[in-house]
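Summary of structural features
Each chain, letter by letter, is given below.
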Amino acid sequence: MTARDAITTPHRQPRWFLTLFALAAAGGAVAYVPLLTVLLPQRIADLQGGEDVAALAKVIFLGAVAASIANIGVGILSDRSRTRRPFILVGLIASNLALIAIGGASSVAEIIGLVMVWQVTLNLMLSPLMAWAGDCFPDQQKGVLGGALALSPALGAIAGSLVTQAGLIAPGARLELVAIIVTGLVLPAVALGKGKVQPSLMLAADRPATREPLRERVVLRMWTARLLVQVAEGGMFAFLLYWLRSLSLGYPENGAANIFSIVLICSVPLSLMLGRWSDRHHRPIVPLVATAVVCACGMLLMAAADDLRAAITGYVMFAVAAAIFLALHSSQTLRVLPAPQHRARDLGMFNLTNTVPGMVMPWLTVLLVPRFGYDALFVLFAVLSLTSAAMLAALIRRVPRRA
């Protein structure tokens with residue numbers, strides 16, 4: 001019997017640990033969603049005396065650069081150390097301190113520097129956290145894991161709505177409240193998750209050399225398909241408030257946060273349902289294709305909207321589908337990565353699909369919106385989403401169905 005044979009087949013994790021892990025992942029979203037969607041744009045508007053798309057674009061771009069480098073670098077370190085939880089704890093403490101410091105910034109230049117530091121420390125937590133999922137959860141649980149990960153943007157949106165609620169908390173204390181919530185979400189999984197890594201999930205699978213090019217094509221298609229949807233999601237993520245105000249002058253910041261909350265809460269049960277379906281029927285890619293198509297339909301409706309109600313309806317369709325797509329894609333990515341010993345590094349490469357849009361979309365928005373309006377941007381997003389659906393459809397028979 002070989003050493004590999006002596007290691008037991010990976011087992012399903014208990015529901016309580018799946019729940020705690022989903023909450024920990026949601027803690028990462030709570031750390032950045034309120035800041036990047038509402039608090040940061042409003043802080044820049046306060047400093048500049050009005051909405052400044054160019055300044056916001058610069059902050060997002062440089063922050064995304066820092067996040068991209070940090071996620072890969074930290075991933076390599078956690079792979080080499082073969083440990084995740086200490087990195088998560090250090091990143092939690094450091095990112096909370098950096099987040100609170102952003103609230104005291106007195107200029108756009110200072111905000112840029114602090115956001116870059118915060119992105120590095122946040123990825124010190126997020127990079128090993130997502131790799132830890134691959135160390136713990138087997139393929140037969142990837143669908144429901146993806147469904148549970150839909151809780152991340154939902155709780156992030158709820159936090160954004162909570163901290164901007166008028167009269168609930170002083171504006172100067174909003175970021176401190178965010179830090180407290182993040183800590184409460186992340187710590188339980190880290191504290192109680194000792195011993196949950198499964199040795200069989202840390203071994204590289206035996207694959208004939210002739211199949212390596214096929215697997216590389218699958219990984220590349222998965223990467224590109226996520227990038228295309230993330231470009232659309234990232235564009236709306238940063239500029240939703242400004243777009244709504246272009247349709248209804250003076251649209252409140254809390255209104256944008258409430259819309260995020262409503263649509264992302266709706267995405268959680270749908271993600272769990274589709275994730276469970278994909279596990280039971282061994283069809284990990286089909287829900288991704290379907291939701292990418294719905295993303296495109298929502299964007300086309302937004303482009304055609306001529307009033308606030310129609311616009312919000314299109315956004316709800318798009319946002320729910322995009323949230324489901326990104327949550328399920330995150331877990332199914334763990335299925336196709338070829339080398340467990342480089343899992344965090346490889347996830348860092350996939351994380352570029354989250355950060356590259358932050359580098360590209362602000363400038364594309366600045367170029368397109370003043371000349372052609374938001375409609376042209378939404379049509380472009382719809383085309384990208386349909387392209388993503390087509391790329392994934394070609395993988396339905398190629399991605400392994402079982403662990």
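This one's a predicted model, so the numbers in the text were calculated from it and none came from an experiment. (Residues numbered from 1 in each chain as written. Predicted model: local features only at pLDDT ≥ 70, side-chain atom pairs only at ≥ 80, totals over all residues. Heavy atoms only, no water.)

1. Section: the overall build of the protein
Scanning the protein from terminus to terminus reveals 14 helices and zero strands. Looking at the 403 residues of the protein, the share that counts as buried comes to 55%. Contacts spanning at least 24 positions in sequence make up 84% of the contacts within the protein whose residues lie at least 6 apart. Carbon together with sulfur atoms contributes 66% to the accessible area of the protein, which is approximately 16,400 Å² in total. (Helix = DSSP H or I, 4+ residues; strand = E, 2+ residues; numbered from the N terminus. Buried < 20%, exposed > 50% of the residue type's maximum accessible area, 1.4 Å probe, protein only. Contact = heavy atoms within 4.5 Å. Areas by Shrake-Rupley, 256 points an atom, 1.4 Å probe, with all protein chains shown as cover.)

2. With respect to the packing of aromatic side chains
Inspection of every chain in the model, using the stated rule, returns eight aromatic pairs. Note that Lys196 overlies the ring of Phe17, its terminal NZ or CZ placed 5.9 Å from the centroid. (Phe/Tyr/Trp six-rings, centres within 6.5 Å; stacked < 30°, edge-to-face > 60°. Lys NZ or Arg CZ within 6 Å of the ring centre and 35° of its normal.)

3. Re the side chain of Ser152
As for its placement among the helices and strands, Ser152 is situated in helix H7 (residues 151-163). Given a relative accessible area of 9%, Ser152 falls into the buried group. Apart from the residues lying within four places of it in its own chain, the contact partners of Ser152 are Ala22, Ala25, Ala26 and Ala29.

4. Considering helix H5 (residues 108-136)
Under the 1.5 Å per step criterion, the end-to-end length of H5 is 41 Å for 29 residues, consistent within 8% with the ideal 42 Å. The sharpest bend along H5 comes to roughly 30 degrees, located at Asn123. Within H5, 21 of the 29 residues are buried, leaving the element largely enclosed by the surrounding structure. (Expected span 1.5 Å × (residues − 1). Bend = angle between axes of the 7 residues up to and from the residue.)

5. Here's the deal with a positive patch on the surface
A cluster of basic residues, Arg12, Arg15, Arg276 and Arg280, forms a positive patch on the protein surface. Here Arg276 lies in helix H10 (residues 253-281). (Patch = residues over 30% accessible without salt bridge, like charges linked within 9 Å, V, L, I, M, F, W, Y side chains within 5 Å. Salt bridge = Lys/Arg side-chain N within 4 Å of Asp/Glu carboxyl O. Lys, Arg positive; Asp, Glu negative; His and termini not counted. Charge placed at Lys NZ, Arg CZ, Asp CG, Glu CD.)

6. Structural notes on the pattern of salt bridges
Per the stated rule, a full pass over the model turns up five salt bridges. Residues Arg345 and Asp346 are paired through a salt bridge, measuring 2.9 Å at the closest nitrogen-oxygen approach. For Arg345, a relative accessible area of 31% translates into the label partly exposed. One network of salt bridges, with partners in common, ties together Asp79, Arg84, Asp135 and Arg343.

7. Structural notes on the packing of H7 against helix H8 (residues 174-192)
Between H7 and H8, the shortest axis-to-axis distance is 10 Å and the interhelical angle comes to 150 degrees. Accordingly, the angle class assigned to the pair H7 and H8 is roughly antiparallel. Judged by the twist between their axes, the crossing of H7 over H8 is right-handed. Contact residues: H7 offers Leu155, Leu162 and Val163, while H8 offers Arg174, Leu177, Val178, Ile181 and Leu185. Classifying every residue of the contact of H7 with H8 by side-chain character gives seven nonpolar, no polar and one charged. (Axes fitted to C-alpha atoms, helices over the stretch in contact; angles between N-to-C directions. Parallel < 35°, antiparallel > 145°, perpendicular 65-115°, else oblique. Left-handed = near helix turned anticlockwise from the far one by under 90°. Nonpolar A, V, L, I, M, F, W, Y, C, P; charged D, E, K, R; others polar.)

8. Structural notes on the nonpolar core
Counting residues in hydrophobic clusters, the biggest one holds 119 residues, and the most contacted among them are Trp243, Tyr315, Phe318 and Phe378. If you tally residues by element for this core, the top one is helix H9 (residues 212-247), at 16 residues. (Core = buried A, V, L, I, M, F, W, Y, C linked by side-chain atoms within 4.5 Å.)

9. Considerations on the side chain of Asp346
Of note, Asp346 is situated in helix H13 (residues 343-372). Ignoring anything within four residues of it in the chain, the contact list for Asp346 reads Leu337, Pro338 and Ala339.

10. Focus: the environment of Thr9
Secondary-structure assignment places Thr9 in the loop between helix H1 (3-6) and helix H2 (15-48). Judged by relative accessible area, Thr9 falls into the exposed class, the value being 66%. C-alpha of Thr9 to C-alpha of Leu201: the two residues are 192 residues apart in sequence and 8.7 Å apart in space.

11. Comments concerning H8
Here H8 is 19 residues long and its end C-alpha atoms lie 29 Å apart, about the 27 Å a rise of 1.5 Å per residue gives. Maximum bend of H8: about 30 degrees, positioned at Val186, with proline Pro188 one to four residues after it. Inspection of H8 places Arg174, Leu175, Val178, Ala179, Val182, Leu185, Val186, Ala189 and Val190 among the buried residues, and these make up the whole buried set.

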